[in-house]
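# What the coordinates show
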Amino acid sequence: QVQLVESGGGLVQPGGSLRLSCAASGFTFSSSAMGWYRQAPGRERESVATITTGYSTNYGDSVKGRFTISRDNAKNTVYLQLNSLKPEDTAVYYCAAIPPYNAYGPTRRTYWGQGTQVTVSS
């Protein structure tokens with residue numbers, strides 16, 4: 001079955017860095033765009049970064065220049081490097097396998113991981 005397992009979260013001081021990993025299985029990773037999303041308490045889930053099968057990337061305005069998404073198809077893993085962390089980056093971070101779209105819409109559902117907590121605090 002499909003599994004997305006995130007790791008690498010934790011407590012970090014403002015200005016610090018973390019590297020999140022998401023190991024995927026149960027689907028063709030190299031054929032799927034991937035993304036990182038986050039949800040803070042009392043707020044809606046928001047897109048942090050996405051990477052296509054062709055390695056094109058897109059970032060949320062609040063993380064541009066600080067976060068970097070990457071993927072390793074040989075390891076079925078997507079990464080998120082978080083630098084210059086701020087207290088407002090505190091959230092649960094989720095990995096997602098974004099479904100391909102055709103003329104009729106998404107061809108499958110989005111696959112989600114269980115999330116990893118990132119807390120930025122002094």
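Presented here is a report on the structure given in the accompanying data block. Throughout this document, residue positions are counted from 1 along each chain, in the order its sequence is written. Totals for whole chains, interfaces and linings use every residue, but because this is a predicted model, local features are given only for residues with pLDDT of at least 70 and side-chain atom pairs only at 80 or more, for both listing and counting. As a convention, hydrogens and water are excluded, and side-chain values are obtained from all of the structure's heavy atoms.

## Considerations on the sheet that holds strand β7 (residues 67-72)
So the rule is basically this: Two strands are said to pair when DSSP picks up at least two bridges between them. We count a stretch as a helix when DSSP gives it H or I for four or more residues in a row; a strand needs E for two or more, and each element gets its number in order from the N terminus. Interaxial angle, 0 to 180 degrees, is taken between N-to-C directions of lines fitted to C-alpha atoms, where a helix line uses only the stretch in contact.
Taken together, the four strands give an open sheet; going across it, the order is β1-β3-β8-β7, and neighbouring strands pair in antiparallel fashion. Edge positions in the sheet fall to β1 (3-7) and β7, since each of these pairs with one other strand and no more. For this sheet, the mean angle separating the axes of adjacent strands, direction not counted, is 15°. Pairing of β1 with strand β3 (residues 18-25) involves five bridges; the strand directions are antiparallel. Within the sheet, the bridge partner assigned to Gln3 lies in β3 and is Ser25.

## Some details on the side chain of Glu6
The condition is simple: Residue burial is assigned from relative accessible area. The probe radius is 1.4 Å, only protein chains are included, and a residue is buried under 20% of its type maximum, exposed over 50%, and partly exposed in between. As used throughout, the charge tally considers Lys and Arg to be positive and Asp and Glu to be negative, leaving His and the chain termini uncounted. Any carboxyl oxygen of Asp or Glu that lies within 4 Å of a side-chain nitrogen of Lys or Arg is treated as forming a salt bridge with it. Whenever a nitrogen or oxygen atom comes within 3.5 Å of another N or O atom, the pair is scored as a polar contact, on the condition that within protein one atom can donate a hydrogen and the other can accept it, and that pairs from neighbouring residues in sequence are kept only if both atoms are in side chains.
Here Glu6 lies in strand β1. Of the side chains with opposite charge, Arg45 comes closest to the buried, unpaired Glu6, at an N-O distance of 7.8 Å. A polar atom in the side chain of Glu6 sits 2.7 Å from the backbone nitrogen of Cys95. A polar contact is formed between the side chain of Glu6 and the backbone nitrogen of Gln114, at a distance of 3.0 Å.

## Looking at the environment of Ala23
The criterion, for reference: Any two residues having at least one pair of non-hydrogen atoms within 4.5 Å are treated as being in contact.
Position of Ala23 relative to the elements: it lies in strand β3. Judged by its relative accessible area of 38%, Ala23 is partly exposed. When the C-alpha positions of Ala23 and Gln3 are compared, they lie 7.8 Å apart, and in sequence the two are 20 residues distant. Residue contacts for Ala23: discarding those within four places in its chain leaves Gln3, Leu4, Val5, Asn76 and Thr77.

## Observations concerning the state of the cysteines
One covalent bond between the sulfur atoms of two cysteine residues makes up a disulfide. Stated precisely, the cut-off is as follows: In what follows, a disulfide is any cysteine sulfur pair within 2.5 Å.
This structure, assessed with the given rule, holds one disulfide. Sulfur-sulfur distance for the disulfide between Cys22 and Cys95 comes to 2.1 Å. Of note, the bridge from Cys22 to Cys95 carries an S-S torsion of about -75° and is left-handed in sense. One end of the pair, Cys22, is in strand β3; the other, Cys95, is in strand β9 (residues 91-98), and 73 residues separate them in sequence. A relative accessible area of 0% means that Cys95 is categorised as buried.

## Observations concerning the pairing of strand β5 (residues 46-51)
Summarising the sheet, strand β4 (residues 33-39) and β5 pair through five bridges and their orientation is antiparallel. Residue pairing for β5: Met34 is matched across the bridge by Ile51. Hairpin connection between β4 and β5: a loop of six residues separates the two successive antiparallel strands, and Gly42 in this loop has a positive phi of roughly 75°. Taking the residues that link successive antiparallel strands as the turn, the β5-strand β6 (residues 57-59) hairpin has five residues, and the phi of Tyr55 there is positive, at about 75°.

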